[in-house]
Amino acid sequence: MSYDRSVSAPEHELEAETVWNLQMPQIRFGRDAVGELGHQLAELGVTDGAHGLLVTDETLVDLGHASRVREELTAAGLTADVYDGVEREPSISAVNECIEFVRDEQGPDGYDFYLGLGGGSALDTAKTTRAIIANGGEPLDYIAEPTGSGESLTETGNPLVLLPTTAGTGSEISPVAILSVEEKGIKEGISSNHVRADAAVLDPTLTTTLPADVTAKTAMDALGHAIEGYTTHEYDQLLRAADPGDRPVYAGRTPVTEMFSEKAIELLSGNVRRAVNNGDDLEARENMLQGALFGAIAGLTAGASLCHAMAYPIGNRYHTYHGETIAVLTPASTLGYNAASDPERFARLAELFGVDTTGMGTREAADSIKEAYLDLQQDLNVLPSGLAELTGVGEDDLDWLAERTVETQKRLLRCNPRPVTKDDVRDIFADALYNWQPEG
Ligand SMILES: [Fe+2]
């Protein structure tokens, strides 16, 4: 079985896409950008005396980041309640608790503005909460069929500003919120331009408290976005939706996403060793945050592909960190199986990664990226050697994982540059069990 690249073929004319667009939140980036939070909110129409909600987790409260944000609000004449119950890789019931908190405190109209502070989990909780308050109902209503009801969000809601404390997920600019659907054993996204934040404030001083292992894991996610975005289909190789409103949020690579991918791969691969080994290296942190932003602009517009599709069933069943899952799957999927789709592009990818490809043939250069990526992971010294070490997954689990991937991740597989069958996916999972020989 391979995937038709059409945008639901029976409903649309089978013509190639000819148009791309780029939708982004306002972006404010740099050291002490958080000091401009009040100004940012004012630009979104949040006026003196407004009362908002800060969605975050307990760790960020303990680290003092939440109070730093609240100080900026106070200085701007604003107030905010704090919801610090965010769950890692949030389930729908965890997000529902945040939504209930809003309804209990403020009634159905919710808060005047929303802030999300943290990693992808906090940002996705904030995005979903704002969307549900604005549109009514519950998260499952807006998750694609057959998991959810597949209704469309029509309202954006009151202003939402996101402040990432990791350099990785890209949730601060992406049009997707990822939730785990516990009863069905899968992770799904609410995908809509209405779920996207209005602004992202990226301040590298918020990222220096990130421990080395989380720095490494989130960096692998960011690299995944950059590389998957760089190697997915061009927008005009996908089919055109009859209505521009039906154009999927992951719409293929464009001249703009290509530029961001290339810079992101250089920044992330060139700075991650420094950021992991010395968390206080602010220059490396700034470069990582910028690389992650650029990777997200590229990959989360062009579209993540096979590796992300395979990561969701793993994350949901074994509760692994998303970035760590991407780290163990990327060599076999994006850099292994997919490299045959366009060797010249993968050879260029190796150069961007810092490999000296002088004297190599195209195929040899294309294959060298996988080795360079594995060398990088081993240098970081905090990542698992493969799927087996990450989750204890064995051969017996692979059929189930392959089936879940092809059945639940069509949104991502549609963009994969090389068609995949269920058997292919199983083989790629098997290939990812041991990326290198674990010690001991
Ligand atoms: Fe990701």
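Model, not experiment: these values are computed from the prediction.

## A word on the overall build of the protein
Piece 1. The helix and strand inventory of the protein stands at 16 helices and eight strands.
Piece 2. A globule of 440 residues ought to have a C-alpha radius of gyration of about 22 Å, and the protein, at 21 Å, matches this closely.
Piece 3. Taken across its 440 residues, the protein has 53% of its residues classed as buried.
Piece 4. Within the protein, contacts between residues at least 6 apart in sequence are counted, and of these 79% link residues at least 24 apart.

## Some words on the environment of alanine 212
Piece 1. Of note, alanine 212 is situated in helix α6 (residues 212-231).
Piece 2. According to the C-beta neighbour criterion, alanine 212 is partly exposed, with 15 such atoms within 10 Å.
Piece 3. The residues touching alanine 212, leaving out its near neighbours within four places in the chain, are Val276, Gly279 and Val382.

## Description of the sheet that holds strand β4 (residues 113-118)
Through backbone hydrogen bonds, the strands of a sheet pair up, either in parallel or in antiparallel fashion.
Piece 1. On the basis of which strands lie adjacent, the open sheet formed by six strands has the order β1-β8-β5-β4-β2-β3 and parallel pairing. The open sheet has two edge strands with one neighbour each: β1 (26-29) and β3 (79-83). Along the sheet, successive strands turn relative to each other by an average axial angle of 20°, direction set aside.
Piece 2. Strand direction decides the pairing type here: strand β2 (residues 51-55) and β3, joined by five bridges, are parallel. The residue bridging valine 55 from the neighbouring strand is tyrosine 83, located in β3.
Piece 3. On the sheet, helix α5 (residues 120-135) packs against β2, β4 and β5 (160-164) and is oriented at approximately 165° with respect to β4.

## Quick notes on unusual backbone geometry
Piece 1. The omega torsion across glutamate 145 and proline 146 is 5°, close enough to zero to call that bond cis.
Piece 2. One can find proline 146 in the loop between α5 and β5.
Piece 3. For histidine 319, which is not glycine, the phi dihedral falls at a positive 55°.
Piece 4. Following the sequence through the fold, histidine 319 ends up in the loop between α9 (306-318) and α10 (322-329).
Piece 5. Unusually for a residue other than glycine, asparagine 381 sits at a positive phi of about 65°.

## Quick word on the environment of arginine 88
Piece 1. In this structure, arginine 88 sits in the loop between β3 and α4 (92-106).
Piece 2. Taking the C-alpha atoms as reference points, arginine 88 and glycine 119, separated by 31 residues in sequence, lie 8.8 Å from one another.

## With respect to the pairing of strand β6 (residues 176-181)
Piece 1. Among the six residues of β6, five are classified as buried, and the element is accordingly described as predominantly covered.
Piece 2. Strand direction decides the pairing type here: β6 and strand β7 (residues 186-191), joined by six bridges, are antiparallel. Residue pairing in the sheet places valine 181 in a bridge with isoleucine 186 of β7.

## A short note on the domain arrangement of the protein
Interface extent is often summarised as the accessible area lost during association of the parts.
Piece 1. Domain parsing of the protein yields domain 1 (23-206) and domain 2 (212-431).
Piece 2. On a C-alpha basis, the centroid separation for the pair domain 1 and domain 2 is 25 Å.
Piece 3. On the domain 2 side, the residues contacting the 24 residues of domain 1 number 31 residues.
Piece 4. Only β6 and β7 provide two or more residues apiece to the side of domain 1 that touches domain 2.
Piece 5. Per element, the largest residue contribution to the side of domain 1 that touches domain 2 is three residues, and it comes from β7.

## Side note on the environment of threonine 391
Piece 1. Here threonine 391 shows up in helix α13 (residues 387-391).
Piece 2. With residues up to four places along the chain from it excluded, the contact list for threonine 391 reads Ile314, Tyr318 and Thr320.

## A few points about α10
Piece 1. Of all the eight residues making up α10, eight are buried; the element is thus mostly covered by neighbouring parts of the structure.
Piece 2. Among the residues of α10, His322, Gly323, Glu324, Thr325, Ile326, Ala327, Val328 and Leu329 are the ones counted as buried.
Piece 3. Against α5, α6, α9, α12 (362-380) and α13 lie the buried residues of α10.

## Digging into the nonpolar core
Piece 1. Val55, Leu115, Leu268 and Met310 are the most contacted members of the largest nonpolar core, which has 129 residues in total.
Piece 2. A per-element tally of this core places helix α8 (residues 282-302) first, with 11 residues.
Piece 3. Split by domain, this core shows at least three residues from each of two domains, domain 1 (23-206) and domain 2 (212-431).
Piece 4. Ignoring sequence-local partners within four residues, the contact set of leucine 115 consists of Gly52, Leu54, Val55, Val69, Ala80, Ala126, Val161 and Leu163.

## With respect to the packing of helix α7 (residues 255-277) against α12
Piece 1. Where α7 contacts α12, the two axes come as close as 10 Å, and the packing angle between them is 15°. It follows that α7 is roughly parallel to α12 by the angle criterion. At the point where α7 passes α12, the crossing takes the right-handed sense. Of the residues in α12, those touching α7 at Ser269, Val272, Arg273 and Val276 are Leu376, Asp379 and Leu380.
Piece 2. Tallied by class, residues from the contact of α7 with α12 come to four nonpolar, one polar and two charged.

## Some points on the packing of α9 against helix α14 (residues 398-408)
Piece 1. Viewed as axis vectors pointing N to C, α9 and α14 meet at an angle of 120°, and their least axial separation amounts to 9 Å. The angle between α9 and α14 falls in the class oblique. Handedness of the crossing formed by α9 with α14: right-handed. Contact residues: α9 offers Ala309, Met310, Pro313 and Ile314, while α14 offers Leu401, Arg404, Thr405 and Thr408.

## So, α14
Piece 1. Those residues of α14 lying buried are Leu401, Ala402, Arg404, Thr405, Val406 and Thr408.
Piece 2. Those residues of α14 that are buried lie in contact with β7, α9, α15 (410-413) and α16 (422-431).

What counts and what doesn't
- Residues numbered from 1 in each chain as written.
- Predicted model: local features only at pLDDT ≥ 70, side-chain atom pairs only at ≥ 80, totals over all residues.
- Helix = DSSP H or I, 4+ residues; strand = E, 2+ residues; numbered from the N terminus.
- Rg over C-alpha atoms; globule rule 2.2 N^0.38 Å.
- Buried ≥ 20, exposed ≤ 12 C-beta atoms within 10 Å, placed from the backbone.
- Contact = placed C-beta atoms within 7 Å.
- Pairing = 2+ DSSP bridges.
- Axes fitted to C-alpha atoms, helices over the stretch in contact; angles between N-to-C directions.
- Domains from an automatic or database assignment.
- Core = buried A, V, L, I, M, F, W, Y, C linked by C-beta atoms within 7 Å.
- Parallel < 35°, antiparallel > 145°, perpendicular 65-115°, else oblique.
- Left-handed = near helix turned anticlockwise from the far one by under 90°.
- Nonpolar A, V, L, I, M, F, W, Y, C, P; charged D, E, K, R; others polar.

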